[in-house]
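Structure at a glance
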Amino acid sequence: MNELDALVQTARTQFELADTPNDLENAKAQFLGKSGRITELMKGMAALSVDDKKAQGALINQAKQAIEAALTARRNALAQAELDIQLKAEALDVTLPGRSAGQGGLHPVSLTIERIESIFGSMGFDVADGPEIESDWFNFTALNTPADHPARSMHDTFYVEKVVESEDGQPNLLRTHTSPMQIRHAVQHVKRHRAALDAGQGMPEIRVIAPGRTYRVDSDATHSPMFHQCEGLWIGENVSFKDLRVVFTEFCKTYFESKDLVLRFRPSFFPFTEPGAEVDIQFATGPLAGKWLEVAGCGQTHPDVVRNMGLDPEHFIGFAFGMGPDRLAMLRYGVNDLRLFFDGDLRFLKQFE
Ligand code: PHE
């Protein structure tokens, strides 16, 4: 084997030994680089005669081409190997089982509101809805709470840029209670029965609850700037505080599944009731036994409010109540921090699925 054949053989072996493109380029330099073996041989030809130069030059060129071919072959082989590895790594196993969508559950407050709706539904109450961005009129004025009324200070809330046209040009706000839905619902009801009312034929009673989100500037373990309320309203020709007691007592006993639960109606003031009361409950057994727990505000609907509903308070009378589903959920499930309901922590929420 002559020197050039041996050189080509060595190059092939070196290229085969190179496992990475980097190693391969280093190996290439030994043969084809500026001071590689082929280059050296070319330089060495300077001393040869013209004929020898021709013959030797052709041989060196052949060897050079053979080495370049070996280099290209190895480069391609390495690139292919790299691609194979990459493809293998990215391969999808289409036979693997899929990931299921997972099933959610209702939020404990939603469960509570559903429970409230079903209990009042069994007593003949409809369910109404209303906007969370409310006008000053529905949230306060129609409920006998004019602009300078001190009761407004307990309902500090979030005022918003005008979003919906408000009847009285007053600002809009995030409703501080569900009571504006009393007025909204009653006004609609009365409108529908206006003709019969004017003809002295009366109207079907208004018996409705209205649950929803409410807002106040308040935040601690038992108050959240967004919380829930559920309003109740029963207006008819002869609906009294006695009916309120019966209805609300029945509701509490059913809701808490406790026949020996006791209620206390403690006199209180709301501009839209006369008289007004706060409802406390007391469990006979369980961890909270013996404690009075406030669960609702209520009262006989104030004559001015009945008038704002479009009715004559001489003929129509009734009661309203407003309770906190968040509070009811805390009591029923034994939750001690209201904020847990709104943190969205799945470890907490999953317990109610
Ligand atoms: N809206 C009252 C509040 O948020 C509760 C209430 C409703 C009181 C209905 C009486 C009648 O405090």
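All of these numbers come straight from a predicted model, not from anything done at the bench.

1. Topic: the environment of Phe 140
- By the element assignment, Phe 140 lies in the loop between helix H6 (136-139) and strand S3 (159-160).
- Between the C-alpha atoms of Phe 140 and Phe 269, which are 129 residues apart in sequence, the distance is 15 Å.
- Not counting residues up to four positions away in its chain, the partners in contact with Phe 140 are Thr 145, Arg 152, His 155, Tyr 159, Leu 173 and Thr 176.

2. A few points about the nonpolar core
- In terms of nonpolar packing, the biggest core is built from 32 residues, with Phe 120, Phe 248, Phe 251, Ile 281, Phe 321 and Met 323 touching the most fellow members.
- Put simply, the parts of the chain that give this core at least two residues each are helix H5 (108-122), strand S6 (226-236), helix H9 (241-255), strand S7 (262-268), strand S8 (273-282), strand S9 (293-301), strand S10 (317-323) and helix H11 (325-333).
- Per-element accounting of this core gives the leading share, 6 residues, to H9.
- Look past the residues within four positions of Phe 120 in its chain and what remains in contact with it is Phe 125, Ile 209, Val 247, Phe 251, Phe 321 and Met 323.
- With 23 residues, the next largest nonpolar core counts Leu 143, Ala 186, Leu 233 and Val 306 among its residues.

3. As for the sheet that holds strand S4 (residues 172-174)
- An order of S2-S4-S3 is seen for the 3 strands of this open sheet, with the pairing classed as antiparallel. In this open sheet, the two strands that pair with only one neighbour each are strand S2 (133-135) and S3.

4. Examining H5
- Its 15 residues place the ends of H5 21 Å apart at the C-alpha level, agreeing with the 21 Å of an ideal helix rising 1.5 Å per residue.
- What H5 keeps buried is the set Pro 108, Val 109, Thr 112, Ile 113, Ile 116, Ile 119 and Phe 120. Around the axis of H5, the buried residues are gathered within 140° of arc, so they sit on the same side.

5. Notes on the state of the cysteines
- Taken as a whole and judged by the stated rule, the model has 0 disulfides.
- Looking at Cys 230, it has no disulfide partner, and the nearest cysteine sulfur is the one in Cys 252, 12 Å off.
- Residue Cys 230 is classed as buried on the basis of its relative accessible area, which comes to 1%.
- There is no disulfide at Cys 298, and the cysteine sulfur nearest it, in Cys 252, is 10 Å away.
- On the basis of relative accessible area, Cys 298 is assigned to the buried category, the value being 3%.

6. So, the pattern of salt bridges
- Within this structure, the stated rule accounts for 18 salt bridges.
- The partner of Glu 3 in a salt bridge is Arg 37, and the shortest N-O contact between them spans 3.6 Å. Here Glu 3 is found in helix H1 (residues 3-17), whereas its partner Arg 37 is found in helix H3 (residues 37-44), with 34 residues between them in sequence.
- A salt bridge links Glu 257 to Arg 332; its shortest N-O distance comes to 2.9 Å. Placement of the pair is Glu 257 in the loop between H9 and S7 and Arg 332 in helix H11, with a sequence separation of 75 residues.

7. As for the sheet that holds strand S1 (residues 126-127)
- The sheet built from 7 strands is open, its strands ordered S1-S5-S6-S10-S9-S8-S7 with mixed pairing. Each edge of the open sheet is held by one strand with a lone partner, namely S1 and S7.
- For S6 and S10, the ladder comprises 7 bridges, and the chain directions are antiparallel. Across the sheet, Glu 231 pairs through a bridge with Gly 322, a residue of S10.

8. With respect to helix H4 (residues 50-89)
- End to end, H4 covers 58 Å across 40 residues, agreeing with the expected 58 Å (1.5 Å per residue, within 8%).
- Of all the positions in H4, only Gly 57, Ile 60, Ala 63, Ile 67, Ala 70, Leu 71, Arg 74 and Leu 78 are classed as buried.

9. Details of the site of the ligand
- Near the ligand, the surroundings consist of 14 residues, among which His 177, Ser 179, Arg 216, Gln 229 and Gly 322 are the closest.
- Interatomic distance of 2.9 Å between a side-chain N/O atom of Ser 179 and a nitrogen atom of the ligand.
- Expressed as a share of its isolated accessible area of 330 Å², the protein-covered part of the ligand is 92%.
- Looking at the shell around the ligand, the elements with two or more residues in it are S6, S9 and S10.
- A per-element tally of the shell around the ligand places S10 first, with 3 residues.

10. Examining the environment of Ala 47
- Relative to the assigned elements, Ala 47 resides in the loop between H3 and H4.
- The exposure class of Ala 47 is exposed, given its relative accessible area of 73%.
- For Ala 47 and Gln 62, which are 15 residues apart along the polypeptide, the C-alpha to C-alpha distance reads 20 Å.

Here is what the cut-offs are and how they apply
Residues numbered from 1 in each chain as written. Predicted model: local features only at pLDDT ≥ 70, side-chain atom pairs only at ≥ 80, totals over all residues. Heavy atoms only, no water. Helix = DSSP H or I, 4+ residues; strand = E, 2+ residues; numbered from the N terminus. Contact = heavy atoms within 4.5 Å. Core = buried A, V, L, I, M, F, W, Y, C linked by side-chain atoms within 4.5 Å. Buried < 20%, exposed > 50% of the residue type's maximum accessible area, 1.4 Å probe, protein only. Pairing = 2+ DSSP bridges. Expected span 1.5 Å × (residues − 1). Arc of directions from axis to C-beta. Disulfide = S-S within 2.5 Å. Salt bridge = Lys/Arg side-chain N within 4 Å of Asp/Glu carboxyl O. Near = heavy atom within 4 Å. Polar contact = N/O pair within 3.5 Å; in protein donor to acceptor, adjacent residues only side chain to side chain. Areas by Shrake-Rupley, 256 points an atom, 1.4 Å probe, with all protein chains shown as cover.

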